[in-house]
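# Geometric and topological summary
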Amino acid sequence: MFTAFRADHARWMTKNAALWSSRHPWLAVDAWMLLVVICVWGGSVAGMHRATNVQLAPGDTGRAAELIADSGLADKAVESLLISAGDGTVVDPAAGSAAAAAVTARLLGLPGVTAVSAPVTSVDGTAMLLGITLAEGADDPAPMLGAAAAVAADHPGLRLDVVGGLTIGADVDRQLAGDFQSALVLSLPITVLILLIAFGALCAAGVPVLLGASAVLSAVGLYTVASHVLPDGGSGAELILLIGMAVGVDYSMFYLKREREERRRGSSAGDALIIAASTAGRAVVTSGGAVMVAMGGLFLLGDLNFSSMAAGAIIVVALAVLGSLTVLPAVLALLGDRVDKPRIPLLSRVTMSERPARWWPLMLRPALKYPVITLVVGVAGMVLLAVPARDLNLRSSTEDDLPQSMPSVAGFQRLVAAFPDEQSGLTVVVHGDDALVGDAAARIAVVAGMSPMPEIRTAPNLAVLSIPVPYRADSTQARAALTQLRSVVIPQAVPPIGATADLEVVVGGGVAYGVDYVDELRSRAPLVIGFVLLMTFLLMTFSFSSVVVGLVTIAANLLSAGAAFGVLVLVFQSRWGADMLGFTFTGGVIAWIPVFLFVILFGLSMDYHVLVISRIKEGVDRGLQTREAVREGIIGSAGVITGAAAVMVGVFAIFAGLSMVEFKELGVGLATAVFLDAIVVRILILPALMTLLGSANWWSPRFIGRRVDRPVTVAAGGVTVRVL
């Protein structure tokens, strides 16, 4: 009884949404356009609220940053100015000093600069370094860069680089904006081209693109407003584009393909629309719900960056589902048969032909005729691809992952080559009894072997000790230094921590940030994975009233995810991948990519899985044998799945070509998984497995019940169809 009510209720919702939109098409279209305008306007007025470094810092690093910020001991923002010879040789002392004096005079005349330190010469004499202390609120590096460029022009043999968080951040923001624009510009024509091939008509191809683009625009605006509650971690807008164009186009394709199919079968335009709403529309709701639930698992990581990305993805998917159920039926009602015009010569003959494509039965034949062999070969191939994932090396993101062509990054590399101590550092924060914190920090410095005694900054109940580390933040030596400090030096120097002295000692800084970030992901990833697996299983089990369908879904998605991880390792942990995609080889995968990839793959793969299982279940409920129902369901959905997968792969491939390594890894992983999922899993593994299981596919315990769909009259024309 419960499952029958649930199925009827979902069908009632999608059918009635389509009925209302088709009867009031202009009202539905105007309401959608008004929503888009309000979201975009609201976002532009609100402006993006970015998360602070303190909010983004993980573990002990975050606690150290919080204590320092609350005490007022936070270092003033400092940029470095590096003076070096253009040819990399030793800097002439007289010329270097003259350039340092000239640039100091210019910098001190800028409103955003409060002090400039005396120049320090590197040990090998190849560079001189000056520290630029910034005024509070200074956020524009352009005046400093202009001053450095002017002095460099007066000293032709010298190079002047301004390097630091402000300049690198400005370059990254500029690069991200350019990448975002490039991705949008490239994704639209690629998507349109794929849709033209899939539909053979300009209107039919344009409708999904318009819906996807409008959903993305609305979501970016809403996300911008939401960032004032949940601050943006830095990648929200790019993720919205990545997910929004993929699911927005997919959902429209599901709906449009089914509506066109029903019209070809002889249904009127109105009946075809309602049948599509009751079948494809319900698949869209289930699929969208799966994506949103899966993305919600990212909140369990307790990381603000992941939480903001999850919020962005949930917003754009919700809008894509809403648009598919409301404005899409309205547009189709307005267009009628004109949705198939103007037709593309040759392509339209294939896509609008009533004859089934010959190649899908051929591709499906092995799974239906030799299911055991096909299943074994398909699973073995996916497992083989997944084997390299055993060597997955998670690492934190560093300056090496940024495009080396950016001026600030190139300057940073020259800086750390000349001054190794500037590469990274550790910050020890002692918090507790005001009479003890200073002595505790001094003992830590002594046990650590620091000589002479470094400056210890103090505030009420707080002492801060900075320890330079002459190694890159993600290097083995830097991690060893952190381990030594935390596990040996601090316990020896301050043995009664948490006992009689009641002192809290935490370690932050660049080295600790990377280690804590990776450790936090490793510790919480099993919780996220377990949540996604459980929710996916429950959603599919109760949607189709079958425990077996839930288990098959988990198994199929795990195969796709494992293969994607294996390809990630092959590409990004090898030098040929770096040469092919143009990134700096680091021998690892950025830590947040695998867990995020796992979550998003489980969500996106539901697009295909729900559609395929729905079509197969339709055949079973009509009385077909399992083998024939599988054949009909796979062939009936193969065209739309191939088109949708091609759109996704095309969009994700664009991200693989962007400049940031994170987006390259995300693009490669997603494109690989979607391709394998749509071809290998849905054409070989899934049909072979379901053919072998037969009627057991629909087994479920009594408390879940068995859903048997009833014929439903879906339009005033009196056409009666079975819908899921």
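Here goes a summary of the coordinates provided. (Residues numbered from 1 in each chain as written. Predicted model: local features only at pLDDT ≥ 70, side-chain atom pairs only at ≥ 80, totals over all residues. Heavy atoms only, no water.)

### Notes on the sheet that holds strand β10 (residues 504–508)
Across the sheet, four strands lie side by side as β8-β9-β7-β10; this open sheet has antiparallel pairing. Pairing within the sheet leaves two strands with one partner each, and these edge strands are β8 (456–459) and β10. The sheet shows a mean angle of 20° between the axes of neighbouring strands, direction not considered. One ladder, built from five bridges, connects strand β7 (residues 424–431) with β10; its direction is antiparallel. Each residue of the ladder has a partner; that of Val430, found in β10, is Val505. Each of β7, β8, β9 (462–469) and β10 touches helix α4 (residues 59–71); the most contacted strand, β10, lies at about 105° to it. Lying on the sheet, helix α18 (residues 476–493) is in contact with β7, β9 and β10; it crosses β10 at an angle near 175°. (Pairing = 2+ DSSP bridges. Helix = DSSP H or I, 4+ residues; strand = E, 2+ residues; numbered from the N terminus. Axes fitted to C-alpha atoms, helices over the stretch in contact; angles between N-to-C directions. Contact = heavy atoms within 4.5 Å.)

### A word on helix α20 (residues 547–572)
Quick reminder: α-helices carry 3.6 residues per turn. Residues three or four places apart thus point the same way. If you check α20, its first and last C-alpha atoms are 38 Å apart, about what 26 residues at 1.5 Å a residue would give, namely 38 Å. Along α20, 22 of the 26 residues are buried, which leaves the element largely enclosed by surrounding structure. N-capping of α20 is provided by Ser546, with a side-chain oxygen placed 3.3 Å from the backbone N of Val548. (Expected span 1.5 Å × (residues − 1). Buried < 20%, exposed > 50% of the residue type's maximum accessible area, 1.4 Å probe, protein only. Polar contact = N/O pair within 3.5 Å; in protein donor to acceptor, adjacent residues only side chain to side chain.)

### Structural notes on the environment of Val489
Locating Val489 in the fold gives a position in helix α18. Between the C-alpha atom of Val489 and that of Ile444, which follows or precedes it by 45 residues, the distance is 6.5 Å. Apart from the residues within four sequence positions on either side, Val489 is in contact with Ile444, Val447, Ala448 and Gln484.

### Some points on the pairing of strand β5 (residues 158–163)
Most of β5 sits out of view: five of its six residues are buried. The pairing of strand β1 (residues 78–85) with β5 spans six bridges and is antiparallel. Looking across to β5, one finds that Ser80 is bridged to Val163.

### Examining the nonpolar core
One finds Phe306, Trp592, Phe596 and Phe652 to be the most contacted residues of the largest nonpolar core, which totals 162 residues. No other element matches the 19 residues that helix α22 (residues 592–621) contributes to this core. Those residues within four positions of Trp592 in sequence are excluded, and the remaining contacts are Phe306, Met309, Tyr517, Leu521, Glu662 and Leu666. Counting 26 residues, the second largest nonpolar core, distinct from the first, contains Val437, Val489, Val494 and Leu503. (Core = buried A, V, L, I, M, F, W, Y, C linked by side-chain atoms within 4.5 Å.)

### Here's the deal with helix α19 (residues 510–544)
For α19, spanning 35 residues, the distance from its first C-alpha to its last is 49 Å, which sits close to the expected 51 Å at 1.5 Å a residue. At Arg524, α19 is deflected by roughly 40°, the largest bend along its length, and proline Pro526 occurs up to four residues later in sequence. After α19 finishes, the residue Ser545 shows a positive phi value of roughly 50°. (Bend = angle between axes of the 7 residues up to and from the residue.)

### A short note on the pattern of salt bridges
Here the idea is simple: oppositely charged side chains can pair when their charged atoms come close. According to the stated counting rule, one finds 12 salt bridges in the structure shown. A salt bridge links Glu262 to Arg258; the shortest N-O distance between them is 3.0 Å. Of this pair, Glu262 and Arg258 are both found in helix α9 (residues 236–264), four residues apart, which corresponds to roughly one turn of the helix. The exposure class assigned to Arg258 is buried, which follows from its relative accessible area of 6%. Lys617 is the salt-bridge partner of Asp621, the closest N and O atoms lying 2.9 Å from each other. (Salt bridge = Lys/Arg side-chain N within 4 Å of Asp/Glu carboxyl O.)

### Some remarks on empty space enclosed by the protein
One pass over the full model with this rule turns up six cavities of 30 Å³ or more. There is about 70 Å³ of room inside the largest cavity. As for the largest cavity, its lining consists of Asn557, Ser560, Ala561, Leu601, Phe602, Leu604, Ser605, Tyr608, Met648, Ala673, Val674 and Asp677. Per element, the largest residue contribution to the lining of the largest cavity is five residues, and it comes from α22. (1 Å grid on protein atoms, 1.4 Å probe; cavity = no way out; pocket = protein on both sides within 12 Å on 5 of 7 lines; lining within 4 Å. Points joined across faces, edges and corners; volume = space filled by probe spheres on them.)

### Side note on the packing of α22 against helix α23 (residues 626–656)
At their nearest, the axes of α22 and α23 sit 8 Å apart, and the two run at 165° to each other. When the axes of α22 and α23 are compared, the pair comes out roughly antiparallel. The handedness of the crossing between α22 and α23 is right-handed. Looking at the contact of α22 with α23 residue by residue, the class counts come to 15 nonpolar, four polar and three charged. (Parallel < 35°, antiparallel > 145°, perpendicular 65-115°, else oblique. Left-handed = near helix turned anticlockwise from the far one by under 90°. Nonpolar A, V, L, I, M, F, W, Y, C, P; charged D, E, K, R; others polar.)

### With respect to the packing of aromatic side chains
This model, assessed by the stated rule, comprises six aromatic pairs. Geometrically, the ring pair formed by Phe306 and Trp592 is edge-to-face, given 6.4 Å between the ring centres and 75° between the ring planes. Pair noted here: Phe306 is in helix α11 (residues 304–325) and Trp592 is in helix α22, with a separation of 286 residues, a long-range link. The two residues Phe306 and Trp592 agree in class, both being buried. Connected via pairs of aromatic rings, a cluster forms that spans Phe306, Trp592 and Phe596. When the ring centre of Trp698 is taken as origin, the NZ or CZ atom of Lys617, which lies over that ring, is 5.6 Å away. (Phe/Tyr/Trp six-rings, centres within 6.5 Å; stacked < 30°, edge-to-face > 60°. Lys NZ or Arg CZ within 6 Å of the ring centre and 35° of its normal.)

### Some points on a nonpolar patch on the surface
Together, Tyr370, Ile373 and Val377 make up a nonpolar patch on the protein surface, roughly 320 Å² of accessible area in all. Inspection of the secondary structure assignment puts Ile373 in helix α15 (residues 371–386). (Patch = residues over 30% accessible without salt bridge, like charges linked within 9 Å, V, L, I, M, F, W, Y side chains within 5 Å. Areas by Shrake-Rupley, 256 points an atom, 1.4 Å probe, with all protein chains shown as cover.)

### Comments concerning the packing of helix α7 (residues 165–199) against α9
Across the interface, α7 lies against α9 with an axial gap of 10 Å and an inter-helix angle of 15°. As judged from the angle between their axes, α7 and α9 are roughly parallel. The two elements α7 and α9 cross, and the hand of that crossing is right-handed. Across the interface between the two elements, Leu176, Phe180, Ala183, Leu184, Leu188, Thr191, Leu195, Ala198 and Phe199 from α7 touch Ala237, Glu238, Leu241, Met245, Val249, Met253, Leu256, Lys257 and Arg260 from α9. Residue classes in the contact of α7 with α9 are distributed as 14 nonpolar, one polar and three charged.

### Quick look at the environment of Leu624
Its location among the elements puts Leu624 in the loop between α22 and α23. With 10 residues separating them along the chain, Leu624 and Ser614 place their C-alpha atoms 14 Å apart. Here Leu624 is in contact with Gly619, Ala629 and Glu632, once residues within four sequence places are set aside.

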